[in-house]
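Next come the chains, spelled out residue by residue.
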Amino acid sequence: MRYLLPSVLLACAVMPAAAQDPATLLVLQPARVYDPGAGEVHDDWVVVVRGERIEAVGPRSRTEAPAGARVIALPGLTLLPGLIDAHYHRGSLKLPNLFLNNGVTSVRDPGAWNQSYDP
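Analysis parameters
- Residues numbered from 1 in each chain as written.
- Predicted model: local features only at pLDDT ≥ 70, side-chain atom pairs only at ≥ 80, totals over all residues.
- Heavy atoms only, no water.
- Helix = DSSP H or I, 4+ residues; strand = E, 2+ residues; numbered from the N terminus.
- Buried < 20%, exposed > 50% of the residue type's maximum accessible area, 1.4 Å probe, protein only.
- Salt bridge = Lys/Arg side-chain N within 4 Å of Asp/Glu carboxyl O.
- pLDDT = per-residue confidence, 0-100.
- Contact = heavy atoms within 4.5 Å.
- Core = buried A, V, L, I, M, F, W, Y, C linked by side-chain atoms within 4.5 Å.

Bringing the overall build of the protein chain into the picture now. Within the protein chain one finds two helices and seven strands. Seen in sequence order, the protein chain has helices and strands lined up from the N terminus as α-β-β-β-β-β-β-α-β. Every one of the 119 residues in the protein chain was classed for burial, and the buried ones make up 29%.

Written out as structure tokens, the structure is:
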């Protein structure tokens, strides 16, 4: 968990720049990648990002870095997707910073009515 904050901060710093231009290519090379679907941590995997979309994830030996991609080495860090708090109640202005510092990048307030729920 001690590497979670640096991973989240890196994503916050790198991803907005990539999202500005859909042609921007990034190759993230962390020590490990956590796959929540499989519940596994994979050593020596890479993540290829084009603009704001993840284009490829896999072992470094089988995942090609596209020509012209910016390669960002992340030695010793574990890359994981942003976490979602699906039961957040707005209140304290300090909570969003606490969440971000712990890897929570999205929240849902179950007490807030979403107009799209109306028929």
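Let's shift gears to the pattern of salt bridges. Inspection of the entire model under this criterion finds two salt bridges. Between Asp 44 and Arg 60 there is a salt bridge; the shortest N-O distance is 2.9 Å. Within this pair, whereas Asp 44 is found in the loop between strand S2 (40-43) and strand S3 (45-50), its partner Arg 60 is found in the loop between strand S4 (53-59) and strand S5 (70-79), the two being separated by 16 residues in sequence. What makes Asp 44 partly exposed here is its relative accessible area of 40%. By relative accessible area, Arg 60 is classed as partly exposed at 34%. Here Arg 50 ties to Glu 55 by a salt bridge, and the two come within 2.5 Å at their closest N and O atoms. A relative accessible area of 34% means that Arg 50 is categorised as partly exposed. Judged by relative accessible area, Glu 55 falls into the partly exposed class, the value being 41%.

Moving on to the environment of Glu 52. Along the chain, Glu 52 falls in the loop between S3 and S4. Since its relative accessible area comes to 61%, Glu 52 is described here as exposed. Sequence separation between Glu 52 and Thr 24 is 28 residues, and the spatial gap between their C-alpha atoms is 8.7 Å.

Mean pLDDT for the protein chain: 79, with 72% of residues reaching 70 or above. Helix H1 (residues 4-20) is the least confidently modelled element of the protein chain, averaging 49 in pLDDT, while S2 averages 95, the highest of any element. Taken as a whole, residues 1-9 scores under 50 in pLDDT and shows twelve contacts with residues more than four places along the chain or in a different chain.

Quick look at the nonpolar core now. In terms of nonpolar packing, the biggest core is built from ten residues, these being Leu 26, Leu 28, Val 33, Trp 45, Val 47, Val 49, Ile 72, Leu 74, Leu 77 and Leu 79. Listing elements by their share of this core, those giving two or more residues are strand S1 (25-35), S3 and S5. For this core, the element with the most residues is S5, which contributes four residues. When residues no more than four places from it in sequence are discounted, the contact partners of Val 33 are Glu 40, Val 41, His 42, Trp 45, Val 47, Val 57 and Leu 79. In this structure, Leu 25, Val 27, Val 48 and Ala 69 belong to the second largest nonpolar core, which totals five residues.

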